[in-house]
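# Architecture and fold: a report
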Amino acid sequence: MSMAFISHIYIPSAFKKLMGEYAVLAPIKKNENVFLEVLQETNLDQLHLNSSRLNFPFKSWFFLPKEKMLEYRLNKKAMDVKSAVEEMRETILIGLKECDVKAIDLLDKVFLDDIKDVYYENKRKNTILVTADCTEALETCFCTKMGLKPYPEKGYDLNLSAVEGGFLIECGSEKGKEILESINEFVEEPTKQQLKEREKNRKKVYQKLSRKYKFKDDLKTLILSSTEEFWEKLSEKCVECLGCTYICPTCHCFYVSENDWRRIRTWDSCLSEAFQKVAGGANPRARLASRLKQRFHDKFVFFKEKYGEYACTGCGRCIEVCPGGIDITEVLKELESQEGGK
Amino acid sequence: MENPYLPKIAKIINVKQETPIVKTFTLKLEEEFHFKPGQFVELSVFGVGEAPFGLSSSLYTTDKFEVSVMKAGKLTEALHSKKTGDYVGIRGPYGNGYPVEKWVGKNITIVGGGIGLSPLRSLILYLINEKEKYKNIWLLYGAKTPHDLVYKEELAQWRDSLNVNVSVDVSDENWVGNVGVVTILFDIVKIPPSENISVVCGPPIMMKFVVRNLTKIGFTSENIYLSLERMMKCGIGKCGHCNIGKYYVCQDGPVFTYEQVKDIPSPF
Ligand SMILES: Cc1cc2nc3c(=O)[nH]c(=O)nc-3n(C[C@H](O)[C@H](O)[C@H](O)COP(=O)(O)OP(=O)(O)OC[C@H]3O[C@@H](n4cnc5c(N)ncnc54)[C@H](O)[C@@H]3O)c2cc1C
Ligand code: SF4
Ligand code: FES
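Position numbers for residues count from 1 along each chain, tracking the sequence in the order it is written. Each chain gets a letter, beginning with A, and each ligand a number, beginning with 1, in the order they are written. Local features in this predicted model are restricted to residues of pLDDT 70 or higher, and side-chain atom pairs are both shown and tallied only at a pLDDT of 80 or more, whereas totals for entire chains, interfaces and linings draw on every residue. Side-chain figures throughout are based on the complete set of non-hydrogen atoms in the structure, without hydrogens or water.

## Thoughts on the site of ligand 2
- Every residue near ligand 2 is listed here: C238(A), V239(A), E240(A), C241(A), L242(A), G243(A), C244(A), L271(A), C322(A) and I326(A).
- Each residue gets one of three labels, nonpolar for Ala, Val, Leu, Ile, Met, Phe, Trp, Tyr, Cys and Pro, charged for Asp, Glu, Lys and Arg, and polar for the others, Gly among them. Classifying every residue of the shell around ligand 2 by side-chain character gives 8 nonpolar, 1 polar and 1 charged. Here a residue is near a molecule or strand as soon as one of its heavy atoms is found within 4 Å of it.

## A look at the site of ligand 1
- The local shell around ligand 1 holds 23 residues, among which P52(B), S68(B), M70(B), T76(B) and E229(B) are the closest.
- Among the chains of the assembly, those with residues near ligand 1 are chains A and B.
- Polar contact criterion, stated in full: a pair of N or O atoms within 3.5 Å, where within protein one must be able to donate a hydrogen and the other to accept it, and residues adjacent in sequence count only if both atoms are side-chain atoms. In this structure, a nitrogen atom belonging to ligand 1 sits 2.4 Å away from a side-chain N or O atom of E229(B).
- At 3.2 Å from a nitrogen atom of ligand 1 is found a main-chain nitrogen or oxygen belonging to M232(B).

## A closer look at the pairing of strand β3 (residues 40-45) of chain B
Residues and elements named next belong to chain B.
- In terms of burial, β3 is a largely internal element, 6 of the 6 residues being buried.
- Note on classification: 1.4 Å probe, protein chains only; a residue is buried when its accessible area is under 20% of the maximum for its type, exposed when over 50%, partly exposed between these limits. Helix numbers and strand numbers start at the N terminus; a helix is a DSSP run of H or I with at least 4 residues, a strand a run of E with at least 2. The two faces of β3 match: F40, E42 and S44 on one face and V41, L43 and V45 on the other face are all buried.
- As paired strands, β3 and strand β4 (residues 49-54) are joined by 6 bridges and run antiparallel to one another. Bridge assignment links V45 to a residue of β4, and that residue is G49. Paired strands are those between which DSSP finds at least two bridges.

## Some remarks on the nonpolar core
- V200(B), L226(B) and L228(B) are the most contacted members of the largest nonpolar core, which totals 68 residues.
- Ranked by the residues each element gives to this core, the list is headed by helix α3 (residues 98-111) of chain A, at 6 residues.
- Among the nonpolar cores identified, the runner-up in size contains 31 residues, and L117(B), I137(B), V150(B) and V168(B) belong to it. In plain words, nonpolar cores are sets of buried Ala, Val, Leu, Ile, Met, Phe, Trp, Tyr and Cys residues tied together by side-chain atoms within 4.5 Å.

## Comments concerning the domain arrangement of chain A
All names here are of chain A.
- These domain limits were set by an automatic method or by a database of domain assignments. Domain assignment breaks chain A into domain 1 (3-210) and domain 2 (219-340).
- When each unit is reduced to the centre of its C-alpha atoms, the spacing between domain 1 and domain 2 is 27 Å.
- Broken down residue by residue, the surface that domain 1 buries against domain 2 is led by Y72, F142 and M146, which jointly contribute 20%.
- Salt bridges, as used here, are contacts in which a Lys or Arg side-chain nitrogen is within 4 Å of a carboxyl oxygen on Asp or Glu. Where domain 1 meets domain 2, there are 6 salt bridges. A 1.4 Å probe defines the accessible area here, and the buried area is the portion of it lost by two parts on being joined, summed over both.

## Some points on the packing of helix α8 (residues 228-235) of chain A against helix α10 (residues 288-307) of chain A
Residues and elements named next belong to chain A.
- Structural elements are reduced to axes, namely lines fitted to C-alpha atoms, with helices fitted over the stretch in contact, and the angle between N-to-C directions of any two is expressed from 0 to 180 degrees. Running from N to C, α8 and α10 point in directions that differ by 105°, and their axes come no closer than 8 Å. Between α8 and α10, the angle is such that the two are roughly perpendicular. When α8 is examined against α10, the residues E228, W231, E232, L234 and S235 are found in contact with a partner set consisting of L288, A289, L292, K293, F296 and H297.
- Looking at the contact of α8 with α10 residue by residue, the class counts come to 6 nonpolar, 2 polar and 3 charged. By the definition adopted for this analysis, an angle is roughly parallel if under 35 degrees, roughly antiparallel if over 145, roughly perpendicular if from 65 to 115, and oblique otherwise. It only takes one pair of heavy atoms within 4.5 Å for two residues to be counted as in contact.

## Topic: the environment of C248(A)
Residue and element names in this part refer to chain A.
- Tracing the backbone through its elements, the reader meets C248 in the loop between α9 (243-247) and β11 (254-259).
- Residues C248 and C312, spaced 64 residues apart in sequence, show a C-alpha to C-alpha distance of 8.3 Å.
- Not counting the four nearest positions on each side in its chain, C248 is found in contact with P57, K59, R295 and K299.

## Remarks on the sheet that holds strand β1 (residues 3-7) of chain A
Residue and element names in this part refer to chain A.
- If you trace the 8 strands from one edge of the open sheet to the other, you get β3-β2-β6-β7-β8-β9-β1-β10, paired in mixed fashion. Strand pairing shows two members of the sheet lacking a second neighbour, β3 (33-38) and β10 (187-188), which therefore form its edges.
- Relative to β3, strand β2 (residues 23-30) runs antiparallel, the two being bridged by 6 bridges. Across the sheet, the residue bridging to L25 is V38, located in β3.

## Quick notes on the domain arrangement of chain B
All names here are of chain B.
- Each assigned domain of chain B is listed with its residue range as follows: domain 1 (8-94) and domain 2 (100-261).
- Each of domain 1 and domain 2 has a C-alpha centre, and the two are 21 Å apart.
- Across the contact, 26 residues belong to domain 1 and 25 residues belong to domain 2.
- With both chains or domains summed, domain 1 and domain 2 bury close to 1,900 Å², and 55% of this area falls on carbon and sulfur atoms.
- In this structure, the connection of domain 1 to domain 2 is made through 2 salt bridges.
- E153 serves as the salt-bridge partner of K16, at 3.2 Å between the closest nitrogen and oxygen.
- Elements with a contribution of two residues or more to the side of domain 1 that touches domain 2: β1 (8-19), β2 (22-28), β3, β4, β5 (65-70) and β6 (87-94).
- Ranked by residue count, the leading element in the side of domain 1 that touches domain 2 is β5, at 4 residues.
- Per-class residue counts for the side of domain 1 that touches domain 2 are 12 nonpolar, 8 polar and 6 charged.

## Let's talk about unusual backbone geometry
Residues and elements named next belong to chain B.
- Of note, the amide linkage connecting G92 to P93 takes the cis form, showing an omega dihedral of 5°.
- Structurally, P93 is set in strand β6.
- Look at the link from G253 to P254: it is a cis peptide, with omega at 10°.
- Relative to the elements of secondary structure, P254 occurs in the loop between α6 (249-252) and β15 (255-257).

## Here's the deal with helix α1 (residues 11-21) of chain A
- Every buried residue belonging to α1(A) is among I11(A), A14(A), F15(A), L18(A) and M19(A), and all of these are buried. On an axial view of α1(A), the arc spanned by its buried residues comes to 140°, and they lie on one face. As used here, the arc belongs to the directions running from the helix axis to the C-beta atoms.

## Considerations on the sheet that holds strand β5 (residues 78-83) of chain A
Residues and elements named next belong to chain A.
- Pairing is antiparallel across the open sheet formed by 4 strands, whose spatial order is β5-β4-β12-β11. The open sheet has two free edges, formed respectively by β5 and β11, since each of these has just one partner strand. Neighbour-to-neighbour, the strand axes of this sheet turn through a mean angle of 25°, independent of strand direction.
- In the packing of helix α4 (residues 118-125) onto the sheet, the strands contacted are β4 (66-75) and β12 (262-267), and the crossing angle to β4 comes to about 120°.

## Concerning the pattern of salt bridges
- Counted by the stated rule, this structure contains 38 salt bridges over all chains.
- The partner of R317(A) in a salt bridge is D100(A), with the nearest N and O atoms 2.9 Å apart. Placement of the pair is R317(A) in helix α11 (residues 317-321) and D100(A) in helix α3, with a sequence separation of 217 residues. Residues R317(A) and D100(A) agree in their burial class; the two are buried.
- R121(B) is the partner of E154(B) in a salt bridge, and the nearest nitrogen-oxygen pair spans 3.0 Å. With a gap of 33 residues between them, E154(B) in helix α3 (residues 152-158) and R121(B) in helix α2 (residues 117-129) connect regions that are remote in the sequence. The same class applies to E154(B) as to R121(B), namely buried.
- Connected through shared salt-bridge partners, K102(A), D105(A), K109(A) and E309(A) make up one network.

Below you can see the structure in the form of structure tokens.
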């Protein structure tokens, strides 16, 4: 079976069964807020199967905001250095949308190229991705402008599509099939009607999104057409909170420091003034404008040249977070109007 | 899973004071160490941190290797307090290194400033050994004062194989050589630009002026090679710190032709 239907009634029982076998990490709704938590009997009734992307990026599971890399111990005069990669339980991760799996695919390019980042690799290998179609679009979503659809077609182990009375479950991998097998008793064959309904829902959300933003497709050329003044002007709005880079599902920069015989890495941001400051004080990107320029160039020019894709999924989280009111879609639109005027 | 962030333990087997603020450390790993001139290592002082340093020794010596370190901040100070017999961590070698094969049959002009001579020393030791493969070799080296010149005895030995020219910004009573920033050497030594590869390493401002001089003499930007320095954390293309334009200095560099980087704002 590669596709099945599960009724709402059986969802708690299916999860209970899976919780015996795997750790299940899922969005849990507490009052109005949603957190990613280990699913347990006690919070099962708060499980939140989100209709659009959550406000935090899933990278924080694979690439922790702060994580231990190494531990040392003095051994006579030499040093015992131990890699801090921890054995972990196979974990089912719930709540990802198409923009989230795409972001993971982009992070894979950085962290799993010929030199593999073990911490990320460990998490990635032991995580099963359960995605879902978006049934609503947020005000800030512009995924379709980045070439995505609001439903995953690859990159997942299991994908859920909401239909009347429950979910259609589609397998995207052998692991997905295995999991679906294991909850066999709770699922049934999908009907033609349900499959049709899925198509209808998908089309509806897709159309709603495609209508929202319009800027041209060659974003690389667009960004390259920018002037220094453009970034200077933009920098007047940025308060350097670095929020946009932390919330961005594809930003991967980190700092490494040492603390109590541990080596630790923490998320870092190319917008931070100290990012490229070296001993002696030289700072190639001392100006905020040059750092904002870097951020946009990295997303739409450098990443594209290096890995063949834009490092933006159109999730719109940075628009939501920015206290300075910088909206990436507005930036692109403004560049386009300037380019057109040239 | 192999951890690329896990350093190997190296023993310090010799420490040489080059200048008041530069020391050369000879390090030994349990295994052999192979590298190319122009590459670097990430060196850990445990409990303090990790930083990149150019390999300064000869690639023909594989049972030990050297880095020359200028005191510049937290880690470099801690490293300076280390003694023979102490241990540090090593990852690498990283980076592309100098494309010496491409330079066969050419003249080579090496320009170094201060501690920037460190990776160039590795190149020089290689070129001396493979002398018959290359034409004339010039070394133009400048430092702030006579006390800031590194590899002093070697500079004298290298005169047998290369055309060595040294200058200091500020002289003292014992100095009999050239005085002035390194670029004054371009007025003293006549360097033919044709069939000539120049290799530059030094502080940003020095590189900027050297490139200007080289271009004026007639070197093309494809024939000017620069060792760039950028903030580095991982050394393996993940942390993003060393990025310049579409390149990561740790992987695509640290050696770049001027052609590759000339359109990037503040490339040095
Ligand atoms: C490819 C490469 C080769 C180098 N080769 C040499 C060499 O042969 N000899 C030498 O003396 N110095 C060399 N440097 C510079 C050397 O790495 C810095 O002087 C050193 O990192 C300063 O560390 P600190 O902790 O003492 O200074 P702090 O100012 O306390 O710096 C803290 C941390 O920031 C990072 N950092 C700071 N400055 C630099 C910098 N210039 N480059 C990279 N990371 C930096 C390091 O991770 C450092 O540990 C090289 C730099 C690069 C990029
Ligand atoms: S979120 Fe806005 S204010 Fe904060 S760093 Fe990003 S652009 Fe600047
Ligand atoms: S040092 Fe981390 S990407 Fe180059």
